[in-house]
Amino acid sequence: MEKEKSRFICQNCQYISFKWLGRCPECGEWDSFYEEKIRKGGLSRNSTFSYHKPKLLKEVKGYDQNRHATGMKEFDRILGGGVVPGSVVLIGGEPGIGKSTLLLEIGNRLSGSESSVLYVSGEESAAQSKLRASRLAIDSDYLYISSQTNLEEITHQISELNPKIVIIDSIQTVYSENYNSLAGSPSQIRESTAYLMRLAKQKEITIFIIGHVTKEGAIAGPKILEHIVDTVLYFESERDSHYRILRTVKNRFGSTSEIGIFSMEKDGLKEVTDSSKFFLRNSSTNENASGTAIVPTIEGTRSFLVEIQALVSASNLAIPRRIAQGIDYNRLCLLLAVLEKRGRLRFFNQDVYLNIAGGVKISEPACDLAITLAVASSLKNKPLLKQAVAIGEVGLTGEIRPVSFIEKRIKEAVKLGFRRYLLPYSEARGIKNLPEVELIGVKRIEDALEKGIKENMNA
Ligand code: TYD
Ligand code: MG
């Protein structure tokens, strides 16, 4: 019998060693090596793959002509305008979040006489999938279901059926006979994904791969999975909420800053197209509440409003607390320093808590002004100007700097009835075609504090 060779790979940095090591010499991680058995004639030499001549670049068709829209706007936008043939999309998320539900719906929408869809479920029997399908009212004539976990069998089914779309639910259940390790082990996951990637490119089919997420929030298996595939999406939920957020983490065919919002209903996932209403749905109805500010933020190609909430309260700690949820902690510290130095406000004996309502994360500096105003408003215990929205970056000397897409942001807020805009002075003069709104240009943070916070409650 032929002797099997094995090698050991670090899960953290992919360092390869031919004997087991307790600590990786490359990245220093402990207990990170897993064993991989290599048989002669592994998957890479499989006969499914034949030689292809190189093509002239100018004769290669671009992706955009070939994209297939699913008709689910939130999903299409996330992918950059539809599904690209020959691409592999990995969808990660905790168990029970709705990955199978979403992909069954997508499979149904993409199936047609020209393009059949194969849904491979290693987790549920065909009857269980049928139960889900009837709940979602799915009755496509071109959607095939298969309960299979063996990669060679799956390849065989793909060759027989010739589908345009294949959905693998989930990668942790798939195993190849060419590797000795268990299904779900790092080497099985990695090799199966790499194999599916080659299959997708060669046959020009789109493969969606579902991946479970571990407690630490990473897709189980080595990090390299994310490097192999074309697109990585994460499906997340807010705590105890039926809303779901789909995020692009990586996309070879589009932007990575897009988010899609869905809600899980009795009969499947529904799109939430009005994102501003979603993020402001619980915003304080009391206009005289202090410590809140509204800002239109841009994620990818869409603009939506978020509410920033701040709470400043007297501290009895030697080093007062600073807690930032949804924004960078260091950015909060920096803005507090600007407020102390330029705005003459005192935070050294105050705890500061900051939260972005709705569970989004904001990284753009255009929200600085709203953050500083929310914090100052809570410290002074005075609300912001009625119906006001604040947009602007705050510089270290206290100047309010211009931001990108200012008109797009304002138009989004106008749709929801906001009439007053605190914005950088230079930008306020440039905007002419919005007659029904009051534009308050501010040059410096002192200026913004004076104009933005109601000193007189009847204002
Ligand atoms: P599922 O798609 O099975 O999650 P995943 O594949 O990510 O593990 O979704 C499971 C949850 O969704 C389950 O708790 C039931 C709920 N659900 C609905 O609320 N409505 C529906 O129409 C469906 C199909 C599921
Ligand atoms: Mg599932």
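Residues numbered from 1 in each chain as written. Chains lettered and ligands numbered in written order. Predicted model: local features only at pLDDT ≥ 70, side-chain atom pairs only at ≥ 80, totals over all residues. Heavy atoms only, no water.

Asks: What should I look at first to understand the pairing of strand β20 (residues 420-424) in this one?
Replies: Remark: a regular strand shows side chains that alternate across the two faces of the sheet. Counting buried residues along β20, four of its five residues qualify, which places the element largely inside the surrounding structure. Note that strand β17 (residues 388-390) and β20 share three bridges and pair parallel. Residue A388 lies in a different strand from β20, and its bridge partner there is R420. Summarising the sheet, β20 and strand β21 (residues 438-442) pair through five bridges and their orientation is parallel. Each residue of the ladder has a partner; that of P424, found in β21, is V442. With helix α12 (residues 425-430) bridging β20 and the parallel β21, this β-α-β connection has right-handed handedness. (Buried < 20%, exposed > 50% of the residue type's maximum accessible area, 1.4 Å probe, protein only. Helix = DSSP H or I, 4+ residues; strand = E, 2+ residues; numbered from the N terminus. Pairing = 2+ DSSP bridges. Right-handed = clockwise from strand over helix to strand, strands pointing away.)

Asks: I keep staring at the pairing of strand β11 (residues 259-265) and nothing clicks. Help me out?
Replies: Of all seven residues making up β11, five are buried, and the element is well covered by its neighbours. Note: strand β10 (residues 243-251) against β11, five bridges, orientation antiparallel. Following the sheet pairing, R244 is matched in β11 by F262. Across four bridges, the pairing between β11 and strand β12 (residues 268-271) is antiparallel. Considered in β12, the bridge of E265 is made with G268. Following β11, the chain reverses through two residues before pairing antiparallel with β12.

Asks: I tried to follow the side chain of K99 on my own but got confused; where do I start?
Replies: Within the element layout of this structure, K99 appears in helix α3 (residues 99-110). Contacts of K99, omitting those with residues within four sequence positions, involve I91, G92, G93, E94, I210, G211, H212 and F235. (Contact = heavy atoms within 4.5 Å.)

Asks: Looking at this structure, how should I read the site of ligand 1?
Replies: In the vicinity of ligand 1 there are 16 residues, among which G96, S100, T101, E265 and G268 approach most closely. A distance of 2.7 Å separates a nitrogen atom of ligand 1 from a polar atom in the backbone of E265. Protein contacts shield 75% of the accessible area of ligand 1, which totals 560 Å² for the unbound molecule. Of all the secondary-structure elements, those providing two or more residues to the shell around ligand 1 are α3, α4 (126-135) and β11. Of the residues forming the shell around ligand 1, the biggest block, three residues, is contributed by α3. The class makeup of the residues in the shell around ligand 1 is four nonpolar, five polar and seven charged. (Near = heavy atom within 4 Å. Polar contact = N/O pair within 3.5 Å; in protein donor to acceptor, adjacent residues only side chain to side chain. Areas by Shrake-Rupley, 256 points an atom, 1.4 Å probe, with all protein chains shown as cover. Nonpolar A, V, L, I, M, F, W, Y, C, P; charged D, E, K, R; others polar.)

Asks: What exactly am I supposed to notice about the confidence of the model for the protein here?
Replies: Predicted coordinates in areas of low pLDDT are best not read in detail. Summary statistics for the protein give a mean pLDDT of 85 and a share of 89% for residues scoring 70 or more. Confidence drops under a pLDDT of 50 for residues 43-48, and excluding neighbours within four residues, the segment shows 13 contacts in the predicted structure. (pLDDT = per-residue confidence, 0-100.)

Asks: I would appreciate a short explanation of empty space enclosed by the protein in the present structure.
Replies: Space left empty within the atom packing is revealed by a probe, the size of a water molecule, rolled over the atoms. Applying the stated criterion across every chain yields a total of one cavity of 30 Å³ or more. The space that makes up the largest cavity amounts to roughly 40 Å³. If you trace the largest cavity, you find it lined by L79, G82, V84, S87, V89, T231, N251 and F253. (1 Å grid on protein atoms, 1.4 Å probe; cavity = no way out; pocket = protein on both sides within 12 Å on 5 of 7 lines; lining within 4 Å. Points joined across faces, edges and corners; volume = space filled by probe spheres on them.)

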